[in-house]
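Close look at the chain arrangement
Listed here are the chains, written in short residue letters.
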Amino acid sequence: MVIPVHDVNPVRRTPWVTYALITANVLVFLFTPGLAGSVAGDSSLSQLCHLHAFLDHYAAVPRELIHDQMPRFVPTGEVGLSPQGAAGCVVGPAGYDKSPPLSVFTAMFLHGGWLHLLGNMLFLLIFGNNVEDRMGHVRYTLFYFACGYAASYGFALLNSESADPLIGASGAIAGVLGAYLVLYPKARVWVLVPFLIFLPLRLPAWLVLGFWFVLQAVYSSGEGVSDAGTVAYAAHIVGFLAGMLIAWPLRPGTPPPPEPRGLLFGRKARPRHTW
């Protein structure tokens with residue numbers, strides 16, 4: 001898997017929505033019980049029980065999205081003992097009302113660990129600013145959440161009986177990647193390729209994002225990856241295709257990216273006149 005670090009594609013306006021989304025995702029993660037305080041992912045049983053209860057409340061669950069029904073018993077966040085004396089998380093009747101459609105929105109700000117969060121935010125930072133620049137702040141905001149909803153419901157339709165929580169901004173960000181591929185296929189992207197060491201290469205966006213999409217398709221089939229059952233690769237595919245379809249009408253009016261003249265790390269180069 002190549003790791004993008006920068007694209008040579010200047011923006012004309014400050015991507016406030018992209019920055020706000022990144023900030024919101026980080027803040028929600030920091031306040032998610034049982035996650036932010038443990039970089040290694042190790043948590044006590046009490047923390048895990050609180051996490052399960054939190055996710056069951058705010059994550060999207062495919063079975064709930066399709067059937068619009070809450071389970072009879074949900075994690076309460078408390079630790080208890082079984083009749084055999086084994087410690088575990090207590091389940092009981094839900095003490096709250098949950099809206100499955102609204103849970104898709106809240107789930108887009110939840111992440112399962114630091115790597116999950118940082119990986120998503122890296123892709124959003126690199127590719128989101130240009131898509132926002134092309135669409136404008138309001139349309140980009142609507143676009144982002146539309147892709148997230150499409151990805152979640154698309155995955156739920158394919159896994160209608162699953163009770164596993166669906167979390168993460170990956171579906172919405174996959175839509176951003178799909179839009180970037182449509183709008184800026186020839187933009188140059190600096191990536192790190194792991195080959196003994198990390199080799200920096202400047203590749204066209206169509207190759208980087210096309211390769212990413214192919215990997216999601218392969219992984220969704222269960223080939224070449226051990227965690228195919230825990231990562232919603234199908235949601236990535238649906239979000240990516242939704243982003244491509246929504247962005248396609250904007251393609252004819254998109255100015256081409258400038259020809260790269262050198263390596264630019266960090267902040268993107270911007271023209272003197274902005275609007």
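Residues numbered from 1 in each chain as written. Predicted model: local features only at pLDDT ≥ 70, side-chain atom pairs only at ≥ 80, totals over all residues. Heavy atoms only, no water.

Time to look at the layout of surface pockets. Volume-wise, the largest pocket comes out at about 1200 Å³. Lining the largest pocket we find 45 residues, and of these His-116, Ser-170, Val-231, Ala-232 and His-236 sit closest to its centre. With six residues, helix α7 (residues 170–183) is the single largest residue contributor to the lining of the largest pocket. Across the lining of the largest pocket, the residue classes tally to 26 nonpolar, 17 polar and two charged. (1 Å grid on protein atoms, 1.4 Å probe; cavity = no way out; pocket = protein on both sides within 12 Å on 5 of 7 lines; lining within 4 Å. Points joined across faces, edges and corners; volume = space filled by probe spheres on them. Helix = DSSP H or I, 4+ residues; strand = E, 2+ residues; numbered from the N terminus. Nonpolar A, V, L, I, M, F, W, Y, C, P; charged D, E, K, R; others polar.)

It is at 10 Å that the axes of α7 and helix α8 (residues 205–220) come closest, and there the two elements cross at 145°. Regarding α7 and α8, the two cross each other, and that crossing is left-handed. Seen from α7, the contacting residues are Ala-174, Leu-177, Tyr-180 and Leu-181; seen from α8, they are Ala-205, Trp-206, Leu-209 and Trp-212. Looking at the contact of α7 with α8, its residues break down into eight nonpolar, no polar and no charged. (Axes fitted to C-alpha atoms, helices over the stretch in contact; angles between N-to-C directions. Left-handed = near helix turned anticlockwise from the far one by under 90°. Contact = heavy atoms within 4.5 Å.)

Attention now moves to the state of the cysteines. By the definition in use, this model includes one disulfide. In this model Cys-49 forms its disulfide with Cys-89; the gap between the sulfur atoms is 2.0 Å. Where Cys-49 bonds to Cys-89 through sulfur, the torsion about that S-S bond is close to -90°, and the disulfide is left-handed. A residue pair is termed long-range when its members are at least 10 positions apart, and Cys-49 in helix α2 (residues 45–58) and Cys-89 in strand β3 (residues 87–92) qualify at 40 residues. For Cys-49, a relative accessible area of 0% corresponds to the buried category. In this structure Cys-89 comes out as partly exposed when scored by relative accessible area, which is 32%. (Disulfide = S-S within 2.5 Å. Buried < 20%, exposed > 50% of the residue type's maximum accessible area, 1.4 Å probe, protein only.)

For the rest of this paragraph, the subject is α8. An ideal rise of 1.5 Å per residue puts 22 Å on 16 residues; α8 measures up with 22 Å between its terminal C-alpha atoms. Listed in full, the buried residues belonging to α8 are Ala-205, Val-208, Leu-209, Trp-212, Leu-215 and Gln-216. Taken around the axis of α8, the buried residues stretch over an arc of 115°, which confines them to a single face. Contact partners of the buried residues in α8: α5 (114–135), α7, β4 (188–195), β5 (197–204) and α9 (233–247). Remark: Gly-222 follows α8 within two positions and exhibits a positive phi of approximately 90°. (Expected span 1.5 Å × (residues − 1). Arc of directions from axis to C-beta.)

Tallied over the entire structure, the rule returns three salt bridges. Arg-13 is the salt-bridge partner of Asp-133, the closest N and O atoms lying 3.3 Å from each other. With Asp-133 in helix α5 and Arg-13 in the loop between β1 (3–8) and α1 (16–30), this pair connects stretches of sequence that are 120 residues apart. Relative accessible area serves as the criterion here: at 3%, Asp-133 is assigned to the buried category. (Salt bridge = Lys/Arg side-chain N within 4 Å of Asp/Glu carboxyl O.)

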